[in-house]
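Chains, contacts and geometry: an overview
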Amino acid sequence: MARFSPHFSRQRSPPLHAAATATAAHIHGLVALLLKHQSERRPLLQIHSQLVAHQVFDRRPTPWHALLKAYSRGPFPQEALHLFRDSRRHAADDTYAFTFALGACAGLAWPRAGAQLHGLVVRNGFEFHAYVHTALTSVYLVCGCLVDARTAFDKMPVKNAVSWNVMVTGFAGRGEVEHARLLFDRMPCRNVVSWTGMIDGYTRSSRHVEAVDLFRRMMAEGVSPSEITVLAVVPAITSIGRVLLGEALHGFCEKTGLLVLDVRVRNSLIDLYAKIGSIHNSLKVFNEMMDRRNLVSWTSIISGFAMHGLSAEAVELFAEMRRAGIAPNRITFLSVLNACSHGGLVEQGVAFFKSMVYEYNINPEIKHFGCIIDMLGRAGRLCEAEQVISGLPMEVNSVVWRTLLGCCSKYGEVEMGERAMKKILEIETESGGDFVVVSNMLTEHGSTCVEWEVQYCFSPHWPGVHGKILFLFSIVIIKAMKKLHGHLIVSGLYNCQYAMSKILRFYAVLQPDLVSAHKVYGQIEAPTTYLFNIILRGLTQSNAPEDAIAFYKKARGEGMVPDNLTFPFVVKACGRINALKEGKQMHNHVLKYGLLSDIFVSNLLIHLYAACGDLCCARSVFDEMLVVDVVSWNSLICGYSQYNRLKEVLTLFKLMHDGGVKADKITMVKVVSACTRLADWSMADCLVRYIEDYCIEVDVYLGNTLIDYYGRRGQLQSAEKVFFNMKDRNAVTLNTMITAYSKGGNLVSARKLFEEIPNKDLIAWSSMISGYSQASQFSDALELFRQMQRAQVKPDAIVIASVLSACGHLGALDLGRWIHEYVRRNKIEADTIMHNSLIDMYAKCGSTKEALQVFKEMKEKDTLSWNSIILGLANNGGEEDALNAFRAMLAEGFRPNRVTFLGVLIACANAELVEEGLNYFDSMKSVHNMEPRMRHYGCVVDLLGRAGQLEKALRFIAEMPVVPDPVVYRILLGACKTHGDLATAEVVTKKLNELDAGNSGNYMLLSNTYASADRWSDAMVVRQLMEDTRVRKSPACSVIDC
């Protein structure tokens, strides 16, 4: 029972009749005692009663807050909620009360209570308070409502370090480490709590390499880890087995005093060294603890010695622990029993087990009994081990029986091993490894294992065997089936169709060996349609489905009558090889046998016609069906989607919905994809609501489709929500999310996700390189392309186009030539897009000769091809060639666009062809019905300015139908400097200062104009004006191709 301190006894509150004389000091004392005894129920209630007796609650909020805080953080958080309800009757709501009440909801993990408080918070206008909002976010995280937590966090107007830390640690603790890392990377200011939460999340998710890498980065950034950080990273170091890293961590803890501050750090180091194989270091840390050893310390060192086979030393340490007066617990006994088991110390192990039960009153768990059984089994005392199992006071799991099975295999106890195996099969559905143990045991001791092998083959456990077990197990099963097959032939039972159907099913379907299946089928006299369907199924699923069609025709010619199970297989075979002619024959046979009413057969006919592109026949079969289900609709919708009949896909979905058929995830993949490709965003939004309203499962395929949809719309937050809520992800998921991040401009997250892909395919590289190129991060695009080459991934046309664009912008001519040669050498098919990229790259790098050569080699050109060569020539001194190319373009019937005229006007400006340039400019609107843009007006100003017609240029600007931007005036100001026209320069500068006063270029151009005219005093006045108005000149930069 909790007791008060003597200080409290001396300050008992006066009786109730003296409550009116209570002083403020006494009330403060009560509140202080309240906080001191907040974890003890009886003092808490007594202080509460005294505060009520003094009627403090009606006068001041502080005691309310203190008591709410005490209850919310103590062992009775539900009482805090009752107190919060009472406080609202006597005092006004405030942020402190809501914060403590939300803390109580988090302690109780009550999401409904948290949601109710959320409503009260909004109603009282406290949703914008950082502490209340942080507490609300914490409630949702603790309750597992991660979407609500992220929504609440995003709505916070001001986020402090605590808010960020709550989100990072909450998501990391829930296993959503990718989402947590995104938040962590976006944090404006990280502290040790942030780093620790992220490291702990990686460790809990078994991503130990990332945890250790993050810990190293934390140290490199100068953030000192706390003892909690050390405790979080130790399991990760343990898992990856880095002895040197463990020793480095040990040295850091010793240097910073963490070993002295927290005994848990020493205990974790003992466990770390023991598990990574350095038992001497583990013992060294243990010996240095001296008086600070606790139960965990002793348990860790005993477990370490037992783990390393040092059984006698572990037992001696256990005895020393008991002499030190430290009582062992369940885990300690489990460690020492393991030591006895591995060391063959049977009598001592039994004595320890009895001591645990009778001396320390610890009820043994199944793990302790498992150690006893393992100990007896290893010693060859199998009968005693089986007796222990039969007398267990609890349900026996498969681990115990598996322990006994291993010992039976060691000592050749076949009968007992078979009994153990039967028990395992009763408990588990996947026991491939155990069956192999039994099979080997029977084989080694001269027993036939056909009975066991056949029993397991025909049991429902067979499909559950996976991976390496399946590979090893299949060898045993094939051997067993061949023995059974031979036994049936020798014994004359090969006419038993039931037994032979099992053999046939195994050869045709379970472990495909179609040659053997045909032999078995040929040995059966008068095979039934059921047996025919078995082998037809195997042929349909094989790599040669055309054999299924041939087998069907042969069997039908021999008099076999098909049924409703025959046609699904043969129709599916026709669909797999797009055999439309044979498929129509099957359709006729279906009609002949009156099986069209079978919905399964009709659905497969729709699928067949849709796969072969005959959508009219597919629709005809669909319309003739009396009853249609979701599979019928999906088969038709998938066919229209496959052949890009996207509007019909949406029409079919509306008809499906009107017909009362609920769509499934397959339907939604096709219709959402159709909306995305058609850019029908309003319909897509309706479909997203449909998915939510009808609770349609978002599997990996629908998830990928939704991510692509949100990515194309630039809604990264929604794409992330889908991505992090997906239970299963594949390579397409990661590539789609990378593309979404890239299109949304979040290349940091895209690169982070890209680096997490273990085996990057071409699409992953293409998405990331294209993202960098489109975001004008050309150096990163080229560096990633080099990494792609080192990874020996062959690029496609999309990657090459993106890399060529980067080469052009960076002037990397040598790399561009190498890529061009790479395309030729590897015979990569160069389409129009790639040719256009090559022209653009050569032109931007100044090699117009090579650009023209590529242009002339093109078999098919488009408008972009002409634009690329015209702009390239115009910008590199080939003005006449550019204009000739424009005339040739018109002669070949290509229609120019605004970019074309931009290149033409640049060519005219560079060649100072004023009249010709003005004629081309006028023809944009008069001939080609094109409204000029600001860049075209700028080119005309440049044209007039280069020719020295500055006044005409100024009039042209004044007569522009659109408001000129600063760039147009700046072009004219540059021409004024060239021609020394100070009067026009001053007028233009005045206009520029009205439009863009903070741009240093305006002042620099005017100053240089004065300087060119030797008016140095005016130039200095302009420079001084820059300083007075605090306009700073931007530093210059250059790009050098190394």
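One can find the structure itself at the top, above this paragraph.
A short tour of the structure in this document, coming up. (Residues numbered from 1 in each chain as written. Predicted model: local features only at pLDDT ≥ 70, side-chain atom pairs only at ≥ 80, totals over all residues. Heavy atoms only, no water.)

So, about the side chain of Ser-749. Secondary-structure assignment places Ser-749 in helix α45 (residues 747-755). Under the relative-accessibility criterion, Ser-749 is labelled buried at 7%. Residues within four places of Ser-749 in sequence aside, it is in contact with Leu-182, Arg-186 and Tyr-741. (Helix = DSSP H or I, 4+ residues; strand = E, 2+ residues; numbered from the N terminus. Buried < 20%, exposed > 50% of the residue type's maximum accessible area, 1.4 Å probe, protein only. Contact = heavy atoms within 4.5 Å.)

Where like charges cluster on the molecular surface, the positive patch consists of Arg-505, Arg-537, Lys-572 and Arg-576. Along the polypeptide, Arg-537 turns up in helix α32 (residues 529-541). With a relative accessible area of 32%, Arg-537 lands in the partly exposed category. (Patch = residues over 30% accessible without salt bridge, like charges linked within 9 Å, V, L, I, M, F, W, Y side chains within 5 Å. Areas by Shrake-Rupley, 256 points an atom, 1.4 Å probe, with all protein chains shown as cover. Salt bridge = Lys/Arg side-chain N within 4 Å of Asp/Glu carboxyl O. Lys, Arg positive; Asp, Glu negative; His and termini not counted. Charge placed at Lys NZ, Arg CZ, Asp CG, Glu CD.)

Quick look at unusual backbone geometry now. Here Asn-361, not a glycine, exhibits a phi torsion of approximately 55°, which is positive. Positive phi is not limited to glycine here, since Cys-695 has a value of about 50°. Residue position: Cys-695 is located in the loop between α41 (681-693) and α42 (700-713). On the accessibility criterion, Cys-695 (66% relative accessible area) is exposed.

Our next topic: the packing of helix α56 (residues 934-946) against helix α58 (residues 966-979). At their nearest, the axes of α56 and α58 sit 9 Å apart, and the two run at 10° to each other. In this view, α56 runs roughly parallel relative to α58, as classed from their interaxial angle. Within the contact between the two elements, α56 uses Met-934, Gly-938, Val-941, Asp-942, Gly-945 and Arg-946 and α58 uses Val-968, Ile-971, Leu-972, Ala-975 and His-979. (Axes fitted to C-alpha atoms, helices over the stretch in contact; angles between N-to-C directions. Parallel < 35°, antiparallel > 145°, perpendicular 65-115°, else oblique.)

Before going further, it helps to examine empty space enclosed by the protein. Regions of empty space are outlined by a rolling probe, equal in size to a water molecule, passed over the atoms. For the coordinates displayed, the defined rule picks out three cavities of 30 Å³ or more. Here the second largest cavity defines a volume of roughly 50 Å³. Around the second largest cavity, the lining residues are Glu-178, Leu-182, Phe-723, Phe-724, Tyr-741, Ser-749, Lys-752, Leu-753 and Glu-756. When residues of the lining of the second largest cavity are traced back to their parent elements, those giving at least two are α11 (177-186), α43 (716-725) and α45. Looking at the lining of the second largest cavity element by element, the count peaks at three residues for α45. Residues that form the lining of the second largest cavity fall into these classes: five nonpolar, one polar and three charged. (1 Å grid on protein atoms, 1.4 Å probe; cavity = no way out; pocket = protein on both sides within 12 Å on 5 of 7 lines; lining within 4 Å. Points joined across faces, edges and corners; volume = space filled by probe spheres on them. Nonpolar A, V, L, I, M, F, W, Y, C, P; charged D, E, K, R; others polar.)

This brings us to the packing of aromatic side chains. The final tally for this structure, using the stated rule, is 25 aromatic pairs. Judged by centre distance (6.3 Å) and plane angle (45°), the ring pair of Phe-567 and Tyr-593 falls under tilted. Taken together, the positions of Phe-567 in helix α34 (residues 566-576) and Tyr-593 in the loop between α35 (580-592) and α36 (599-611) put the pair 26 residues apart, joining distant regions of the chain. Here a set of aromatic residues connected by ring pairs shows up, and it is made of Phe-318, Phe-333, Phe-352 and Tyr-360. Arg-293 extends its terminal NZ or CZ atom over the ring of Phe-286, reaching a point 4.2 Å from the ring centre. A cation over an aromatic ring shows up here: Lys-760 above the ring of Phe-754, its NZ or CZ 5.2 Å from the ring centre. (Phe/Tyr/Trp six-rings, centres within 6.5 Å; stacked < 30°, edge-to-face > 60°. Lys NZ or Arg CZ within 6 Å of the ring centre and 35° of its normal.)

With that settled, consider the pattern of salt bridges. Under the counting rule described, the total for this entry stands at 32 salt bridges. Between Asp-213 and Arg-216 there is a salt bridge, with the nearest N and O atoms lying 3.9 Å from each other. Pair noted here: Asp-213 and Arg-216 are both in helix α13 (residues 208-220), with a separation of three residues, about one helical turn. Owing to a relative accessible area of 41%, Arg-216 belongs among the partly exposed residues under this scheme. Its salt-bridge partner being Glu-850, residue Arg-817 comes within 2.9 Å of it at the nearest N-O pair. Taken together, the residues span a long stretch of sequence, with Arg-817 in helix α49 (residues 813-825) and Glu-850 in helix α51 (residues 848-857) at a distance of 33 residues. Here the residues in one salt-bridge network are Glu-178, Arg-207, Glu-210, Arg-729, Lys-752 and Glu-756, joined through shared partners.

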